[in-house]
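Residue-level structure breakdown
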Amino acid sequence: MSSKLHALIPLDGSDLAEAVFPAVSELGVAEVTLLSVPGPASGAEAECYLNNAAERAHAAGLTKVKKWVREGKPPEVIVESATRLGASLIALTTHGRSGFDRFVLGSVAEKVIRTAAHPVLVVRSNAPVRPLLERILVPLDGSEKSWRSVEVLKSLVDPEKVRLTLIEVAETLGDSPRIEAIRTGDDLASRFLSLQLDGVEQRLLNAAARARTLGFEALTETAAGRPASQIMDAADRMGATLIALATSGRSGPSRWVLGSVTELVLRASNVPLLICR
C-alpha cells in the first residue's frame, strides 16, 4: 500500500454524487481532486459547488482536497484528468445526477470504466454506508489478467488488515446447478461439469496461496451457473462490502468474458465495485 494515493473524484453538482467520500476516506488516500465538468455557462456555479463539496470532503475524513473545473465531455475529461494527475484511482458514484444536466453519472460511469486505464471505484448513491474493506469478494476466471484486481488491492490497502474471498464460476447455460448434484451425477453433463469444477478448485487453491504471499488472508468459493448471477449471490451470502474485479479476463473461446460480467454486476449490484483493467 502506498502512502501517496491520489484519488480523482468526479462530481455532478448533486449531494448524491458525494456518497463516495466515506469509501475513499477509508482507503487512506493522501490527496483527492474533486472534478466538475459543467456546461460552459455553469463554471461559476461549479466553483461555488466544489468549494462547499470540499468542506464536506474534509468532514468525511479527506484531508488534502484540491478542486478542478474543466469543460468538455465528462467521460473523456475524467479519463484524461486522471492521466494528467497521475491518479491512483478514479472514484465516482452512479446515479448521482440532480444538478448539472450534462453530467449523468449512470452512463458516465460505464463509459469511464470502458476506457480508463486507472482502477475505478464505483459506489451506488443509494447503497447503505458500510465499512468498505470489511469483506472483499474477488471474482477470478483463471487468467493472469483477472488477477489484476488482487494486484490493485495490494497497492491500495494494507493486505494484513483485509480478508479476500476468491470466487471462480464454472459457467453453465441454464439454471445454477447444486455442486453436490454435479459431483454425484452420473450423466455426461455432470461428469463434464465435475471436471470443470476440479480445475476451478485447483486454480482457486493456487490463487489463494499466491494471495497469501502478498500478505492477504484468503478464502475460496467455487460456484457453478451464470457468472454475474453467482458473483452477486455470493456477495449477498457473505455480506460483501466490496467486489474487486477485472474488466477483461480470458481471451479466445471462453464464455466468461469479464468485461460483460463486470457491466452486468455494475448495473445490478448495490455493493461498491473496484474495477481494474
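Residues numbered from 1 in each chain as written. Predicted model: local features only at pLDDT ≥ 70, side-chain atom pairs only at ≥ 80, totals over all residues. Heavy atoms only, no water.

**Looking at the confidence of the model for the protein chain**
Note the cut-off: Each residue carries a pLDDT value, the predictor's own confidence for that position, ranging from 0 to 100. Only DSSP runs of H or I with at least four residues qualify as helices, and only runs of E with at least two residues qualify as strands; both kinds are numbered from the N terminus onward. In this description, contact between two residues means that some pair of their heavy atoms is separated by no more than 4.5 Å.
When pLDDT is averaged across the protein chain, the result is 85; 82% of the residues are at 70 or more. The spread of mean pLDDT over the elements of the protein chain runs between helix 6 (residues 179-184), the lowest at 56, and strand 6 (residues 136-139), the highest at 98. Across residues 96-105, where pLDDT falls below 50, the model places 39 contacts with residues more than four positions away in sequence or in other chains. Low pLDDT (under 50) marks residues 249-258, which in the prediction has 26 contacts with non-local residues, meaning those over four places away or in another chain.

**Looking at the sheet that holds strand 2 (residues 31-36)**
The condition is simple: By definition, two strands form a pair when at least two bridges between them are found by DSSP. The axes used here are C-alpha line fits, helices contributing only the stretch in contact, and every angle between their N-to-C directions lies in the interval 0 to 180 degrees.
The strand order across the open sheet formed by ten strands is 3-2-1-4-5-10-9-6-7-8, and the pairing between neighbours is mixed. For this open sheet the edge positions go to strand 3 (65-69) and strand 8 (217-225), each flanked by a neighbour on one side alone. The mean inter-strand angle of the sheet, taken between neighbouring strand axes irrespective of direction, is 25°. Where strand 1 (residues 6-11) and strand 2 come together, six bridges link them in parallel fashion. Its bridge partner lying in strand 2, Leu-8 is registered against Thr-33. Packed onto the sheet, helix 2 (residues 43-59) meets strand 1, strand 2 and strand 3 and runs at close to 160° relative to strand 3.

**Observations concerning the pairing of strand 10 (residues 273-276)**
Here is the key point about a regular strand: its side chains alternate between the two faces of the sheet. Under the convention used in this document: Residue exposure (1.4 Å probe, protein chains only): buried if accessible area is under 20% of the type maximum, exposed if over 50%, otherwise partly exposed.
By the alternation rule, side chains of strand 10 split into Leu-273 and Ile-275 and Leu-274 and Cys-276, which are all buried. With three bridges joining them, strand 5 (residues 120-124) and strand 10 adopt antiparallel strand pairing. Residue Leu-121 lies in a different strand from strand 10, and its bridge partner there is Leu-274. Examined bridge by bridge, strand 9 (residues 242-246) and strand 10 share four bridges and lie parallel to one another. Following the sheet pairing, Ala-244 is matched in strand 10 by Leu-274.

**Comments concerning the side chain of Glu-31**
The cut-off we apply is this: By the criterion applied in these results, polar contacts are pairs of N or O atoms within 3.5 Å in which, for protein atoms, one can donate a hydrogen and the other can accept it, and in which residues neighboring in sequence qualify only through two side-chain atoms.
Here Glu-31 shows up in strand 2. Taking relative accessible area as the criterion, Glu-31 reaches 13% and is therefore assigned buried. At 3.1 Å, the side chain of Glu-31 forms a polar contact with the side chain of Lys-66. Aside from chain neighbours lying at most four places away, what touches Glu-31 is Leu-5, His-6, Ala-7, Lys-64 and Lys-66.

**So, the nonpolar core**
Soluble globular proteins tend to pack their nonpolar side chains together in the buried interior. Here is the rule we go by: Buried Ala, Val, Leu, Ile, Met, Phe, Trp, Tyr and Cys residues that are joined via side-chain atoms within 4.5 Å together make up what is termed a nonpolar core.
Ranked by size, the top nonpolar core spans 52 residues in total, and within it Ile-9, Val-24, Leu-34 and Leu-121 carry the most contacts. Considering each element in turn, this core owes the most residues, six residues, to helix 7 (residues 188-213). With residues near it in sequence (within four places) discarded, Leu-121 still touches Val-20, Ala-23, Val-24, Leu-27, Leu-89, Ile-90, Ala-91, Leu-92, Leu-132, Leu-242, Leu-273 and Leu-274.

**Points about helix 8 (residues 227-238)**
Put simply, the test is: Here a helix's expected span is defined as the number of its residues, less one, multiplied by 1.5 Å.
Along its twelve residues, helix 8 runs 16 Å from first to last C-alpha, staying within 8% of the 16 Å computed at 1.5 Å per residue. Regarding helix 8, the residues found buried are Pro-227, Ala-228, Gln-230, Ile-231, Met-232, Ala-234, Ala-235 and Met-238. Looking one or two residues past helix 8, Gly-239 carries a phi angle of roughly 65°, positive in sign.

**Here we look at the environment of Ala-60**
Tracing the sequence through the fold places Ala-60 in the loop between helix 2 and strand 3. Along the primary structure Ala-60 and Ser-25 are separated by 35 residues, whereas in three dimensions their C-alpha atoms are 6.8 Å apart. Each residue touching Ala-60, except ones within four places of it in the same chain, is listed here: Phe-21 and Ser-25.

**Concerning helix 5 (residues 148-156)**
To keep things clear, this is the line we draw: The directions from the helix axis to the C-beta atoms form the arc being described.
All of the buried residues in helix 5 are Ser-149, Val-150, Val-152, Leu-153 and Leu-156. Down the axis, helix 5 shows its buried residues gathered within 160° of arc, on one side only. On its buried side, helix 5 packs onto strand 4 (89-94), strand 6, strand 7 (163-171), strand 9 and strand 10.

**What to know about the pattern of salt bridges**
Pairs can form between side chains of opposite charge whenever their charged atoms are close. Quick reminder of the rule: What makes a salt bridge here is a side-chain nitrogen of Lys or Arg within 4 Å of a carboxyl oxygen of Asp or Glu, nothing more.
Across all of its chains, the model carries 13 salt bridges by this definition. Between Arg-267 and Glu-263 there is a salt bridge, with the nearest N and O atoms lying 3.6 Å from each other. Taken as a pair, Arg-267 and Glu-263 lie in helix 9 (residues 258-268) at a separation of four residues, close to a single helical turn. When its relative accessible area of 48% is taken as the criterion, Arg-267 is described as partly exposed. When its relative accessible area of 23% is taken as the criterion, Glu-263 is described as partly exposed.

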